[in-house]
Amino acid sequence: MRTPDLSADVADVLVTAADIQTKVAELGATLSRDYAGRELTLVSVLKGALPFMADLMRQITIPVQIDLMEVSSYGGASTETSGLVRILKDLSSSIDGRDVLIVEDIIDTGLTLNYLMRYLRGKNPRSLKICALLDKPARRLVEIDIDYRGFTIPDRFVVGYGLDYGEFYRNLPFIGVLRPEVYGES
Ligand code: 5GP
């Protein structure tokens, strides 16, 4: 893959950094209200959800614990899902009896979340809900109930705020789309 040019490669900004921060603050306030009087375990899925998790947890005013999982659904620089989900890193603590919220970057086909929900339900949490920053409903293959949603976006392959193309562009502070030539040059 060629060396990315972070500013020149971006064709469109879909969600600005300011809009992300406003939405994350709203979600944090809603979660703090909905889970008031309880403790919440945030389970985030690396690597894409890392900035969202880091920002969201600081907008929540009730006691939280965090845990991190890593799963793989795409290989390399591909923009197509394989439908195959592998756990690369499992939870480090038990979630038995706990209120758990999965913090995800984006729900596309839904295959990753569908697998993860079944896997985590098997670990006997008291409750299990989903908070996703981005929802791309056009490509959904399995039905997913998203309890907390940031933005609904069109069917385009996006990068930034944790999301990558070929492992790059995760550090862009906004959600954007790359120039078509860039996707073709890997
Ligand atoms: P799903 O299993 O819902 O199809 O895909 C979930 C995962 O695929 C996300 O966590 C993310 O890693 C990746 N993904 C889906 N759509 C996009 C996209 O538009 N851009 C990027 N960079 N990754 C995506």
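None of these values were measured; they are calculated from a predicted model.

Asker: Where do I start with the overall build of the protein chain in this structure?
Answerer: Along the protein chain, the regular secondary structure elements total four helices and nine strands. Overall, the protein chain shows an N-to-C arrangement of helices and strands of β-α-β-α-β-β-β-α-β-β-β-β-α. Here the C-alpha radius of gyration of the protein chain, 16 Å, is about what a compact globule of 186 residues would show, namely 16 Å. With respect to the three principal axes, the spread of C-alpha positions in the protein chain is 50 × 35 × 30 Å. Expressed as a percentage of the 186 residues in the protein chain, the buried residues total 47%. Of the contacts formed within the protein chain by residues at least 6 apart in sequence, a portion of 67% connects residues at least 24 apart. Within the structure as shown, the protein chain displays about 8900 Å² of accessible surface, and the carbon and sulfur contribution to it stands at 50%. Between the centroid of the 21 positive side chains of the protein chain and the centroid of its 26 negative side chains there is a distance of 4 Å.

Asker: Any chance you could explain the pattern of salt bridges here in plain terms?
Answerer: Pairing is possible between side chains that carry opposite charge, provided their charged atoms lie close to one another. For the structure on display, the rule yields 17 salt bridges. Here arginine 179 ties to aspartate 9 by a salt bridge, and the two come within 3.6 Å at their closest N and O atoms. Here arginine 179 is found in the loop between strand S9 (175–178) and helix H4 (180–184), whereas its partner aspartate 9 is found in the segment before strand S1 (10–15), with 170 residues between them in sequence. Accessibility expressed as a relative area gives 27% for arginine 179, which makes it partly exposed. With relative accessibility at 0%, the residue aspartate 9 sits in the buried group. Aspartate 164 is the partner of arginine 170 in a salt bridge, and the nearest nitrogen-oxygen pair spans 3.6 Å.

Asker: Please clarify how the site of the ligand should be interpreted in this entry.
Answerer: Looking at the ligand, there are 17 residues lining it, with Thr109, Gly110, Thr112, Val158 and Asp164 nearest. The backbone of glycine 110 places a nitrogen or oxygen atom 2.8 Å from an oxygen atom of the ligand. A distance of 2.7 Å is found between a nitrogen atom of the ligand and a backbone nitrogen or oxygen belonging to aspartate 164. The fraction of the free accessible surface of the ligand (510 Å²) that becomes covered by protein chains is 93%. Elements represented by at least two residues in the shell around the ligand include exactly strand S5 (99–107) and helix H3 (111–121). Sorting elements by how many residues they give to the shell around the ligand places S5 first, with four residues.

Asker: Explain the pairing of S5 here, please?
Answerer: Of all the nine residues making up S5, nine are buried; the element is thus mostly covered by neighbouring parts of the structure. One ladder, built from five bridges, connects strand S2 (residues 40–46) with S5; its direction is parallel. Along S5, the bridge assignment pairs leucine 40 with aspartate 99. Sheet topology places S5 next to strand S6 (residues 127–135); eight bridges connect them, and they run parallel. Considered in S6, the bridge of isoleucine 102 is made with isoleucine 130. As for the winding sense of the linkage, the β-α-β connection from S5 through H3 to S6 is right-handed.

Parameters and conventions
Residues numbered from 1 in each chain as written. Predicted model: local features only at pLDDT ≥ 70, side-chain atom pairs only at ≥ 80, totals over all residues. Heavy atoms only, no water. Helix = DSSP H or I, 4+ residues; strand = E, 2+ residues; numbered from the N terminus. Rg over C-alpha atoms; globule rule 2.2 N^0.38 Å. Buried < 20%, exposed > 50% of the residue type's maximum accessible area, 1.4 Å probe, protein only. Contact = heavy atoms within 4.5 Å. Areas by Shrake-Rupley, 256 points an atom, 1.4 Å probe, with all protein chains shown as cover. Lys, Arg positive; Asp, Glu negative; His and termini not counted. Charge placed at Lys NZ, Arg CZ, Asp CG, Glu CD. Salt bridge = Lys/Arg side-chain N within 4 Å of Asp/Glu carboxyl O. Near = heavy atom within 4 Å. Polar contact = N/O pair within 3.5 Å; in protein donor to acceptor, adjacent residues only side chain to side chain. Pairing = 2+ DSSP bridges. Right-handed = clockwise from strand over helix to strand, strands pointing away.

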